[in-house]
Amino acid sequence: MIRSLPRRVPFTTVSGAFHADAITVTTTPVALSARKPVVPAERLVAEMVPPPRFAGVSFGSYLPDPTQPSQQQAVAVLEEFAAALNTAEAPRRGWFRGRAKAPTGPAGVYLDGGYGVGKTHLLASLWHAAPGPKAFGTFVELTNLVGALGFQQAVRTLSGHKLLCIDEFELDDPGDTVLVSTLLSRLVEAGVKLAATSNTLPEKLGEGRFAATDFLREIQGLSAHFRTVRIDGQDYRHRGLPAAPAPYTDEQVAERAATAPGASLDDFPALLAHLSAVHPSRYGAMLDDVHAVFLRGVVPVDDQSTALRLVVLADRMYDRELPITASGIPFDQVFSAEMLAGGYRKKYLRAVSRLVALARDSAK
C-alpha cells in the first residue's frame, strides 16, 4: 500500500542545540521503460507457481456468493478433483514400462466464467491441494515457455508433472491453436492432468479473433480434454465499490513516487512504446523489486497490438499486487468503445477490472 505521507527517519545534531524528530526521505524511482531484462528459460520453469496474490489461498478461503449456486458447485468439483489426484497412482515411467495409459474420460477441469468471479483463486487452490510435481501459469506464460525451451523440451519437462494449471486460457491466433492442441494432447498421453480457467467456453475459443472454423478439429480436440464447469457471478472487485478513482495530477504522481520505497515512475505513452521492444515473457522481470507503480499521463489506447501488450503488463502487476498511482484519464476509459466491442472484449474488460482494483489500492 502506498504511504500517503513522506517516510521519515529520526535526526539529531551532535551538539543537541538543534533537534528535529524527522526529515523527509526522497528516493529515485526506477523507470520501467528503461528496463530490458534477460530471463533464462530456467527461471520461466521455476516461476510456474501461483502468483504472490494467490500464494496462500485455499478452497476454504474462497467465499462463494450465496446468490450464485454455481460457485459452491465449482468448489465441490475441484475438491473432488484434488482428492482424486492425491489418491491416484503416479503414471508409469521408464523404458520398459511403456507410455502411461491415456485416461478414458476428460483429463481435466475447465472453469468458465466472467472476470472477477474467483476462477484464479479456485485454480490456485487446486494447485495448492494437489501433489507435486505440478505447474501453474497463464496461457501466455505457457506459450512463452514453449518458445523458450522448444516444443520437444517443453513436452519432456511438463510430462513429469502430475498437474498443469493454465489460467486465462485463450486462443488469439492459429499458431497458438495448433501448438497448444498438440502440446496438451502429448501431456494427456503422458498422464498429466489439466485444469484451466477462461472467459470463453472451450468450443468457442478463437471466435472473433481468426477463422476459427478452419481449426475446428484442433479446438474440438482441446475441448475433449476438459470437463467444463460454469461459474456465474459479479466481479468481486466491483461489488459495492465505486468506479475507477479520480486520477491524480502529474505533480502529485511525481511527489508520491519520490517518497515511496520501491517505486517506478513512467510516462504512460513512453511505457507503452517500450513494451513493443520487450517480449511479454519478460514483463514480470521488468517489475522485479518494484513495490508501487506510478504513471503520468494515462491516455486512451486505440491500437490493438499495444492494447494486448498492456493487458499482459496489467496481469503481471495484478499478480504482484502493485498499487498504481496515475494521472490522466481513469483506467475504466483506457480502451475505446470500439475495442471493447471487438473480439478481445473479455481480455480488455479483465485488464480494466484489474487496473481499477490496483488504482483503488493506491487511493487507500
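Calculation criteria
Residues numbered from 1 in each chain as written. Predicted model: local features only at pLDDT ≥ 70, side-chain atom pairs only at ≥ 80, totals over all residues. Heavy atoms only, no water. pLDDT = per-residue confidence, 0-100. Contact = heavy atoms within 4.5 Å. Core = buried A, V, L, I, M, F, W, Y, C linked by side-chain atoms within 4.5 Å. Buried < 20%, exposed > 50% of the residue type's maximum accessible area, 1.4 Å probe, protein only. Helix = DSSP H or I, 4+ residues; strand = E, 2+ residues; numbered from the N terminus. Axes fitted to C-alpha atoms, helices over the stretch in contact; angles between N-to-C directions. Parallel < 35°, antiparallel > 145°, perpendicular 65-115°, else oblique. Left-handed = near helix turned anticlockwise from the far one by under 90°. Salt bridge = Lys/Arg side-chain N within 4 Å of Asp/Glu carboxyl O. Pairing = 2+ DSSP bridges. Phe/Tyr/Trp six-rings, centres within 6.5 Å; stacked < 30°, edge-to-face > 60°. Expected span 1.5 Å × (residues − 1). Polar contact = N/O pair within 3.5 Å; in protein donor to acceptor, adjacent residues only side chain to side chain.

Novice: Would you take a moment to explain the confidence of the model for the protein for this structure?
Specialist: Parts of the model with low pLDDT should not have their predicted coordinates read in detail. With 79% of its residues at a pLDDT of 70 or more, the protein has an overall mean of 81. Contacts from residues 1–23, a stretch scored under 50 in pLDDT, to residues over four places away or in other chains number 32 contacts. Note on residues 208–212: pLDDT is under 50 here. Beyond four places in sequence and across chains, it has 16 contacts.

Novice: Hey, could you run me through the nonpolar core in this one?
Specialist: Note that soluble globular proteins tend to have their nonpolar side chains buried in a common cluster. By size, the foremost hydrophobic cluster in this structure holds 41 residues, and its most contacted members are L295, M317, I324, F331 and F335. At nine residues, helix α13 (residues 345–363) tops the list of elements feeding residues into this core. Residue contacts for F335: discarding those within four places in its chain leaves V301, A307, L310, V311, L340, Y348, A351 and V352. Counting 27 residues, the second largest nonpolar core, distinct from the first, contains F139, A154, F169 and V192.

Novice: I'm lost on the packing of helix α2 (residues 69–87) against helix α3 (residues 119–129) in this one. Help?
Specialist: Where α2 meets α3, the axes come as close as 9 Å, and the angle between the chain directions of the two elements is 25°. Considering their axes alone, α2 and α3 lie roughly parallel with respect to each other. The interaxial crossing formed by α2 with α3 has right-handed handedness. On α3, the residues touching A74, V75, L78, F81, A82, L85 and N86 of α2 are L122, L126 and A129.

Novice: I would appreciate a short explanation of the pattern of salt bridges in the present structure.
Specialist: A side chain with one charge can pair with a side chain of the opposite charge if their charged atoms come near. If you walk through the whole model with that rule in mind, you get 11 salt bridges. The salt bridge partner of D232 is R230, with a shortest N-O separation of 2.9 Å. Among the residues examined, D232 registers a relative accessible area of 29% and is labelled partly exposed. R354 is the partner of D315 in a salt bridge, and the nearest nitrogen-oxygen pair spans 2.9 Å. In this pair, D315 sits in helix α11 (residues 304–319) while R354 sits in helix α13, placing the two residues 39 residues apart along the sequence. There is no split in this pair, since D315 and R354 are both buried. A cluster of three or more residues bridged by salt bridges with shared partners is formed by E168, D315, R350 and R354.

Novice: Hey, could you run me through the pairing of strand β6 (residues 193–198) in this one?
Specialist: In terms of burial, β6 is largely enclosed, as five of its six residues are buried. In terms of strand pairing, strand β3 (residues 108–113) meets β6 through five bridges, oriented parallel. Counterpart to D112 in the pairing with β6 is S198. Here four bridges tie strand β5 (residues 163–167) to β6, and the two strands are oriented parallel to one another. By the bridge assignment, L163 is partnered in β6 with K193.

Novice: What am I meant to see in the packing of aromatic side chains here?
Specialist: What characterises a pair of aromatic rings is the spacing of the ring centres plus the angle enclosed by the ring planes. Per the counting criterion, the structure on display carries six aromatic pairs. Geometrically, the ring pair formed by F169 and F226 is edge-to-face, given 6.3 Å between the ring centres and 75° between the ring planes. One end of the pair, F169, is in the loop between β5 and α6 (174–189); the other, F226, is in strand β7 (residues 226–231), with 57 residues separating them in the sequence. An identical accessibility class is assigned to F169 and F226; each is buried.

Novice: How should the sheet that holds strand β8 (residues 263–267) be read in this particular structure?
Specialist: Within a sheet, each strand pairs with its neighbour through backbone hydrogen bonds, oriented either parallel or antiparallel. Strand order in this open sheet of three strands is β8-β9-β10, and the pairing throughout is parallel. This sheet does not close on itself; its edge strands, each paired only once, are β8 and β10 (324–328). Each strand axis lies, on average, 10° off the axis of its neighbour in the sheet, ignoring direction. Strand direction decides the pairing type here: β8 and strand β9 (residues 292–298), joined by five bridges, are parallel. Bridge pairing in β9 places D266 opposite L295.

Novice: Explain α11 to me, please; I cannot follow it from the model alone.
Specialist: Turn by turn, an α-helix covers 3.6 residues, leaving residues three or four places apart pointing in a common direction. Along its 16 residues, α11 runs 23 Å from first to last C-alpha, staying within 8% of the 22 Å computed at 1.5 Å per residue. Buried residues dominate α11, accounting for 12 of its 16 residues. Looking only at α11, the buried set comprises T306, A307, L310, V311, V312, L313, A314, D315, R316, M317, Y318 and D319. Between a side-chain oxygen at the N-terminus of α11 and the backbone nitrogen of S305 the separation is 3.4 Å; the capping residue is D303. Downstream of α11 by a residue or two, E321 has a phi angle that is positive, lying close to 55°.

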